[in-house]
Amino acid sequence: MLLETHRDEIEAILSRYHSPRSAVLPLLYLAQDTYGYLTETAIREVAAILNMPPTDVFEVVGFYTLFYKRPVGTWVLQVCDDVPCCYLGAEELIAALKQRLGIVEEQTTGDGMFTLQRVKCLAACDRAPVLQANLDYVYDVTPERVNALLANLRARAAEARQRGVSGRFAEDFEWGPDGALIRIDRAAPYRPRQFPAAPPSAPPEPEPVPEADAGHDQLADRKGSPL
């Protein structure tokens, strides 16, 4: 079926590589987008196209976390919980997503829209906390932005189903001044996270000068020894 429905794309992929087995990753992504996840039949189909032992392809699928061997939601939400993201609120973001979606990690919502996962290091520490939705990067996702994020993704559900969950067509998003998500060019110049400017702090109040100690035990008042 895969070869019948995507013959031109498969031939284009194979033409990029000297060895057909080098195309195992892009063909697995294509199969995942076609079937929604990688069934045993789909994996064996890829192995047959590449003339590889099925065991080798199963090992590839088992190694990479971005290959799904069970059904997932229209959007797979992966939150980075590595150290930099945690310092900037990743745990609070995960808690907000779990509360809004009514699921825990590795579960899918009842309507099949969202699957929630934790991942390690999305390599975007400067824009933490970072979330990827079907490998679309969304930067600076705070718990306060969860409702807007989920509304945006629900509105783009049809687009997500057309693009698939593999991330082959992933893009980048950030928050505009009006609080809406906007698509940004991956080749755009580097823009670090903008933190809200804190008002200048008032200078500390000077400490009151202690009053003189009523003349007791002051050096100037000490009398010399009569001896």
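Let me sum up the structure you'll find in this document. Only a predicted model underlies this, so the values are computations on that prediction, with no experimental measurement involved. (Residues numbered from 1 in each chain as written. Predicted model: local features only at pLDDT ≥ 70, side-chain atom pairs only at ≥ 80, totals over all residues. Heavy atoms only, no water.)

## Topic: the overall build of the chain
And then number 1: Helix and strand content of the chain: 9 helices and 6 strands.
And then number 2: Looking at the 227 residues of the chain, the share that counts as buried comes to 41%.
And then number 3: Considering only contacts in the chain between residues 6 or more positions apart, those separated by 24 or more positions represent 64%. (Helix = DSSP H or I, 4+ residues; strand = E, 2+ residues; numbered from the N terminus. Buried < 20%, exposed > 50% of the residue type's maximum accessible area, 1.4 Å probe, protein only. Contact = heavy atoms within 4.5 Å.)

## Some words on the packing of helix α3 (residues 24–35) against helix α4 (residues 40–50)
And then number 1: Running from amino to carboxyl end, α3 crosses α4 at an angle of 140°, the nearest separation of the two axes being 10 Å. Taken as axis vectors, α3 and α4 run oblique relative to one another. Crossing of α3 against α4: the hand is right-handed. On the side of α3, the interface is formed by Val 24, Leu 27, Leu 28, Ala 31 and Tyr 35, while α4 contributes Ala 42, Glu 45, Val 46, Ile 49 and Leu 50.
And then number 2: Split by residue class, the contact of α3 with α4 holds 9 nonpolar, no polar and 1 charged. (Axes fitted to C-alpha atoms, helices over the stretch in contact; angles between N-to-C directions. Parallel < 35°, antiparallel > 145°, perpendicular 65-115°, else oblique. Left-handed = near helix turned anticlockwise from the far one by under 90°. Nonpolar A, V, L, I, M, F, W, Y, C, P; charged D, E, K, R; others polar.)

## Observations concerning the nonpolar core
The nonpolar side chains of soluble globular proteins are, as a tendency, buried together.
And then number 1: With 28 residues, the main nonpolar core has Leu 27, Leu 28, Leu 38, Val 46, Leu 50, Val 57 and Phe 67 as its most contacted residues.
And then number 2: Elements with a contribution of two residues or more to this core: α2 (7–14), α3, α4 and α5 (54–63).
And then number 3: The element contributing the most residues to this core is α3, with 6 residues.
And then number 4: Apart from the residues lying within four places of it in its own chain, the contact partners of Val 57 are Val 24, Leu 28, Ile 43, Val 46, Ala 47 and Met 52.
And then number 5: Residues Met 113, Leu 116, Leu 131 and Phe 173 belong to the second largest nonpolar core, which totals 25 residues. (Core = buried A, V, L, I, M, F, W, Y, C linked by side-chain atoms within 4.5 Å.)

## Considering the packing of α3 against α5
And then number 1: α5 packs onto α3 with a crossing angle of 75° between their chain directions and a minimal axis gap of 11 Å. Comparing the axis directions of α3 and α5 gives the class roughly perpendicular. Counting all contacts with α3, which are made through Val 24, Leu 25 and Leu 28, the residues of α5 involved are Val 57, Val 60 and Val 61.

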